[in-house]
Amino acid sequence: MRTIWFSLLLSAAMAGSVGQAVAGETRARQILDRFEHANQWRDHVMVAAHRAGSMQAGKTLYPENSIAAVEGSIAMGAEIVEVDIRRSQDGEFVVMHDSWLDRTTTCKGEVVKHTLAELRTCRLVIEGTGAVSGETVSTLREMLMATRDRILINLDNKLDVESLAGMIAIARDLGMAEQVIVKENLWNPARLATVKAAMDAIGGGFQFMPIIADDAVHDAGFAEEVGKAFSPGAIELIHWRAGAETLTETGGPLFSTRMRAVSVRGGWHIWADTYAIVNKPGGFLSGGRGDELAVQASLPAETYGFWAERGATIIQTDEPKAAIGWLAANGFRVPYAGSGERIEPAATASIN
């Protein structure tokens, strides 16, 4: 009897220590576990905040690509922040979407024609209101440090493929390469081979996410080859919308039954984009089913619900608060450790 009680006590102690270890994990580590184990978490849709998540309800609250926007996205529970990377005249990686400074800062001219010291004098502005913030242009290192152990960070490389090596080097120096997601467009076997060579030269330890669009790729076969070549955590799928086409009813050739099956076999997430592009029709990357439909037209089920039902387990959006709120209210979010709610992954690799 004493032996049985001792065994029970030992088991309870071990379970408690495991529970504490899980609860003691950093938020980034918990998110990374879900990113790296897509088949275990297909009942949860992760949210990526576009340009760090500067908007809410159609209004810009923070300067885009700012640390303030990152803080807001972390606070609301987003799993990933996407930021854009360019280079200063003296070779520093900086966080900036446009090649020119005019739209998002108090300065003017091309980013690449300014030294880092000069960029430090440029204060970020809130688009739409023109309000000047207290933030200046961030370096990649500063942006990475702001996200360390807290959230995954997707670097949108506005430079050449070869520049990714330098970005990853900075992340490795900070000991946080595994938190970094980098991506490149793939459209045919030749491009796949070029990018594969570049990724192999950089080495491992970070997340590479291929991007496939349906203007060049029309079925899941190519995605399957991409998955075998890179073993990615996610593949970004784009359903182009031209002009004033009606809303997609199917998700197009990429968001298909076969693609969902391929993603399960490959163990990767389907990543969909609902954010807006300036001077393009609403939902340009999502067959018309973008943030405008969800927020301005008050039809979130026709946007976030539509893509979740077609297998998307990551949605990149300009409206992370709206997306998280709707997904959570409709059973597409599973709480993380420390919330006091269920944290077990799905028992099966189900397809949404």
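This structure is a prediction, so every number in the text was calculated from the model and none was measured.

**A few points about the overall build of the protein**
Helix and strand counts for the protein come out as 12 helices and 13 strands. Within the protein, counting contacts between residues at least 6 apart in sequence, those at least 24 apart form 68% of the total. Counting only carbon and sulfur atoms, one obtains 56% of the accessible surface of the protein, whose full area is about 15,000 Å².

**Details of the packing of helix α3 (residues 67–76) against helix α5 (residues 140–147)**
Running from N to C, α3 and α5 cross one another at 20°; their axes reach a closest spacing of 10 Å. As judged from the angle between their axes, α3 and α5 are roughly parallel. Remark: the crossing between α3 and α5 carries right-handed chirality. In this structure, α3 uses I67, V70, E71 and I74 to contact α5, whose residues at the interface are E142, M143, A146 and T147.

**Digging into the environment of V137**
The topology assignment puts V137 in the loop between β7 (131–136) and α5. Overall, V137 belongs to the buried group, its relative accessible area being 1%. Distance from V137 to R120, taken between C-alpha atoms, is 6.1 Å for residues 17 residues apart in sequence. Residue contacts for V137: discarding those within four places in its chain leaves V94, V95, M96, T105, L119, R120, C122, L124 and E142.

**Some thoughts on the pattern of salt bridges**
Taken as a whole, this structure holds 21 salt bridges when the rule is applied. Among the salt bridges present, the one from R29 reaches E178, with a minimum N-O distance of 3.3 Å. Pair noted here: R29 is in helix α2 (residues 27–36) and E178 is in the loop between α6 (164–173) and β9 (180–185), with a separation of 149 residues, a long-range link. The partner of E127 in a salt bridge is R103, and the shortest N-O contact between them spans 2.8 Å. Of this pair, E127 sits in the loop between β6 (123–126) and β7 while R103 is found in the loop between β5 (93–95) and α4 (116–119), placing the two residues 24 residues apart along the sequence. Accessibility expressed as a relative area gives 27% for R103, which makes it partly exposed. Taken together, the shared-partner salt bridges connect R51, E64, D98, R103 and E127 into one network.

**What to know about the layout of surface pockets**
The space that makes up the largest pocket amounts to roughly 470 Å³. As for the largest pocket, its lining consists of 30 residues, of which D156, N185, I211, I238 and Y275 are closest to the centre. Of all elements in the fold, only β4 (80–87), β8 (152–157), β9, β10 (207–213) and β11 (234–238) reach the threshold of two or more residues within the lining of the largest pocket. Partitioned by chemical class, the residues of the lining of the largest pocket number 15 nonpolar, 4 polar and 11 charged.

**Here we look at the pairing of β7**
In the sheet, β6 pairs with β7 via 3 bridges, with the strands oriented antiparallel. Within the sheet, the bridge partner assigned to R123 lies in β7 and is T136.

**A word on the state of the cysteines**
Should the sulfur atoms of two cysteines be covalently bonded, the bond is a disulfide. Taken as a whole and assessed by the stated rule, the structure comprises 1 disulfide. The disulfide partner of C107 is C122, and the S-S distance across this bridge is 2.1 Å. Looking along the S-S bond of the C107-C122 disulfide, the torsion reads about -100°, which is the left-handed sense. Within this pair, whereas C107 is found in the loop between β5 and α4, its partner C122 is found in the loop between α4 and β6, the two being separated by 15 residues in sequence. With respect to burial, C107 and C122 carry one shared label: buried.

**Considering unusual backbone geometry**
Despite not being glycine, D149 shows a phi value in the positive range, around 65°. Along the chain, D149 falls in the loop between α5 and β8. Residue D149 is classed as partly exposed on the basis of its relative accessible area, which comes to 41%. The phi torsion at S298 lies on the positive side, around 55°, for a residue other than glycine. Assignment of secondary structure puts S298 in the loop between α10 (291–296) and α11 (304–309).

**Digging into the packing of aromatic side chains**
Tallied over the entire structure, the rule returns 5 aromatic pairs. Ring centres 4.8 Å apart and planes at 45° place the aromatic pair F208 and F230 in the tilted group. With F208 in strand β10 and F230 in helix α8 (residues 220–230), this residue pair connects regions lying 22 residues apart in the sequence. On the accessibility criterion, F208 (10% relative accessible area) is buried. In this structure F230 comes out as buried when scored by relative accessible area, which is 14%.

**A closer look at the nonpolar core**
Formed by 66 residues in total, the largest nonpolar core has its most connected members in L144, L155, M199 and I212. Setting aside its immediate chain neighbours within four residues, I212 contacts L186, V217, F222, A223, V226, I235, E236, L237, I238 and L254.

**Notes on the confidence of the model for the protein**
In this model, the protein carries an average pLDDT of 90, and 89% of its residues clear a pLDDT of 70 or more. Segment residues 1–21: pLDDT under 50, and 0 contacts once partners within four positions in sequence are set aside and those in other chains are kept. Every residue in residues 342–352 scores below 50 in pLDDT, and together they form 30 contacts with partners more than four places removed in sequence or on other chains.

Rules of the game
Residues numbered from 1 in each chain as written. Predicted model: local features only at pLDDT ≥ 70, side-chain atom pairs only at ≥ 80, totals over all residues. Heavy atoms only, no water. Helix = DSSP H or I, 4+ residues; strand = E, 2+ residues; numbered from the N terminus. Contact = heavy atoms within 4.5 Å. Areas by Shrake-Rupley, 256 points an atom, 1.4 Å probe, with all protein chains shown as cover. Axes fitted to C-alpha atoms, helices over the stretch in contact; angles between N-to-C directions. Parallel < 35°, antiparallel > 145°, perpendicular 65-115°, else oblique. Left-handed = near helix turned anticlockwise from the far one by under 90°. Buried < 20%, exposed > 50% of the residue type's maximum accessible area, 1.4 Å probe, protein only. Salt bridge = Lys/Arg side-chain N within 4 Å of Asp/Glu carboxyl O. 1 Å grid on protein atoms, 1.4 Å probe; cavity = no way out; pocket = protein on both sides within 12 Å on 5 of 7 lines; lining within 4 Å. Points joined across faces, edges and corners; volume = space filled by probe spheres on them. Nonpolar A, V, L, I, M, F, W, Y, C, P; charged D, E, K, R; others polar. Pairing = 2+ DSSP bridges. Disulfide = S-S within 2.5 Å. Phe/Tyr/Trp six-rings, centres within 6.5 Å; stacked < 30°, edge-to-face > 60°. Core = buried A, V, L, I, M, F, W, Y, C linked by side-chain atoms within 4.5 Å. pLDDT = per-residue confidence, 0-100.

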